[in-house]
Amino acid sequence: MSVTFAKVKEEFDIRRYLWAKSEWEREINEAFPNLLTFKGGPAWETLQYLRQLNRREQELVVGGLFKRFHPDAVKTMGETCSPDEENFRARTDDFFRLRREYWGLCQLEASADREFAPLVWQIMRSRAVMLLGEIEGPGGGSLKQQHDAALRAKLEELFRPIPVPCEEEIAARKKAGEKVRFVSKFKLQKMMMARFEKEFGPQCVASSYDDLCDPHSLYEIRGPGGWRISTHFWFGRGAGLLDYCHGIFSEAKVVQQGARGPYEGSLVLGSMISFCSWLGICSQTQWEYLANPEEVERACDAVLDQCRHFFAVAPKLLAGLEFEKISSW
């Protein structure tokens with residue numbers, strides 16, 4: 001039975017969406033083992049917010065997150081994002097943006113430029129009200145002053161239990177005059193390549209790398225049904241960054257119609273697939289600010305765990321979607 005590539009991709013997208021849903025359930029049930037491997041960035045921020053919620057609220061947040069990142073599958077399956085999911089997703093988006101703004105406000109108030117602080121507060125005040133609602137003050141001063149004092153107190157109460165993000169810790173150390181150093185991108189590339197090749201080298205059918213100013217590495221393994229699975233690593237333009245993602249594409253190249261006319265290339269079933277993207281947190285999965293060999297080892301371990309996990313589930317996601325069954329594209 002022959003099918004079009006569009007139908008094959010539609011089926012793959014649905015399977016990946018359902019798998020992402022099960023991955024979130026696993027992450028919540030096991031107390032967020034994978035989110036705990038990050039010390040900053042969107043994944044870390046999402047974890048800090050989820051820890052403040054009960055189980056039902058956590059499910060609403062993650063429902064909104066992965067539905068936003070899998071719109072085609074959601075549409076095909078006839079699902080929608082509930083008002084509660086949309087609300088909690090918006091609160092998640094706003095929470096750490098407001099946390100960063102509030103930290104900046106506190107820094108400004110403690111600096112020589114504190115005269116600008118009231119203006120900054122007025123700019124961010126409306127977002128604070130959207131997150132927390134208008135809060136009645138204890139009395140004294142104008143009504144607006146009462147509300148502002150109560151709102152500031154609530155923000156302080158809300159953000160105080162959250163650990164200091166590594167970005168802020170590093171900024172504070174630099175401000176204090178410390179020279180903060182991270183593992184070089186070239187050393188990080190060498191270590192990650194060695195670890196990946198040790199575990200998955202025998203499965204690789206192709207590889208390439210660039211160790212110049214913008215180092216990156218690429219590996220390909222043969223998947224089932226005429227598909228290949230690529231793993232791409234990027235090590236940033238600075239130091240201390242490890243980024244990875246997978247792609248799935250056909251081994252055979254076919255003539256396709258592009259914006260500039262016909263061209264020959266592989267059919268791409270999926271791209272930019274990684275832990276953060278399948279959960280709907282953000283498009284890129286990155287471990288940042290890696291400063292010593294121990295942190296690099298932990299980040300490499302986390303990457304290998306995620307690669308191992310995806311390579312194990314890929315045959316199930318691709319079962320019955322053999323390239324040879326595709327009749328048109």
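Scroll up to find the structure this text is about.
Residues numbered from 1 in each chain as written. Predicted model: local features only at pLDDT ≥ 70, side-chain atom pairs only at ≥ 80, totals over all residues. Heavy atoms only, no water.

Caption draft 1: The packing of aromatic side chains, seen in detail. Tallied over the full model, the rule gives 22 aromatic pairs. The interplanar angle of 10° and the centroid separation of 4.6 Å between the aromatic rings of Phe38 and Trp287 together place this pair among those described as stacked. Separated by 249 residues along the polypeptide, Phe38 in the loop between helix 1 (5–29) and helix 2 (41–50) and Trp287 in strand 7 (residues 285–287) bring together distant segments of the chain. Arranged with centres 5.1 Å apart and planes meeting at 90°, the rings of Phe200 and Phe311 form a pair that is edge-to-face. One end of the pair, Phe200, is in helix 9 (residues 185–200); the other, Phe311, is in helix 11 (residues 293–318), and 111 residues separate them in sequence. Of the two residues examined, Phe200 and Phe311, each falls in the buried class. (Phe/Tyr/Trp six-rings, centres within 6.5 Å; stacked < 30°, edge-to-face > 60°. Helix = DSSP H or I, 4+ residues; strand = E, 2+ residues; numbered from the N terminus. Buried < 20%, exposed > 50% of the residue type's maximum accessible area, 1.4 Å probe, protein only.)

Caption draft 2: Quick peek at the pairing of strand 2 (residues 204–210). Sheet topology places strand 2 next to strand 3 (residues 216–222); six bridges connect them, and they run antiparallel. By the bridge assignment, Ser208 is partnered in strand 3 with Leu218. Linking two consecutive strands that pair antiparallel, namely strand 2 and strand 3, is a turn of five residues. (Pairing = 2+ DSSP bridges.)

Caption draft 3: Expanded view of the environment of Glu156. Structurally, the position occupied by Glu156 is in helix 7 (residues 143–159). Distance from Glu156 to Thr4, taken between C-alpha atoms, is 56 Å for residues 152 residues apart in sequence.

Caption draft 4: Focus on helix 9. Taking 1.5 Å per residue, 16 residues should reach 22 Å; helix 9 reaches 22 Å between its end C-alpha atoms and fits that length. Along helix 9, the residues classified as buried are Lys185, Leu188, Gln189, Met192, Met193, Phe196 and Phe200. Viewed end-on, helix 9 has its buried residues packed into an arc of 125°, placing them on one side of the element. Facing away from the buried side of helix 9, by more than 90 degrees, are the exposed residues Lys190 and Lys198. Residues of helix 9 that are buried in the fold lie against strand 2, strand 3, strand 4 (227–234), strand 5 (242–258) and helix 11. (Expected span 1.5 Å × (residues − 1). Arc of directions from axis to C-beta. Contact = heavy atoms within 4.5 Å.)

Caption draft 5: Just the pattern of salt bridges, in detail. Inspection of every chain in the model, using the stated rule, returns 26 salt bridges. Of the charged contacts in the structure, one is a salt bridge between Lys67 and Glu85, with a shortest N-O distance of 3.0 Å. Note that Lys67 is positioned in helix 3 (residues 55–69) and Glu85 in helix 5 (residues 83–109), a separation of 18 residues in sequence. For the pair Lys67 and Glu85, a shared accessibility class is recorded, and that class is buried. For the salt bridge of Arg160 with Glu156, the shortest nitrogen-to-oxygen distance reads 3.9 Å. On the accessibility criterion, Glu156 (32% relative accessible area) is partly exposed. Shared partners join several salt bridges into a network, and the residues in it are Glu220, Arg222, Arg228 and Glu251. (Salt bridge = Lys/Arg side-chain N within 4 Å of Asp/Glu carboxyl O.)

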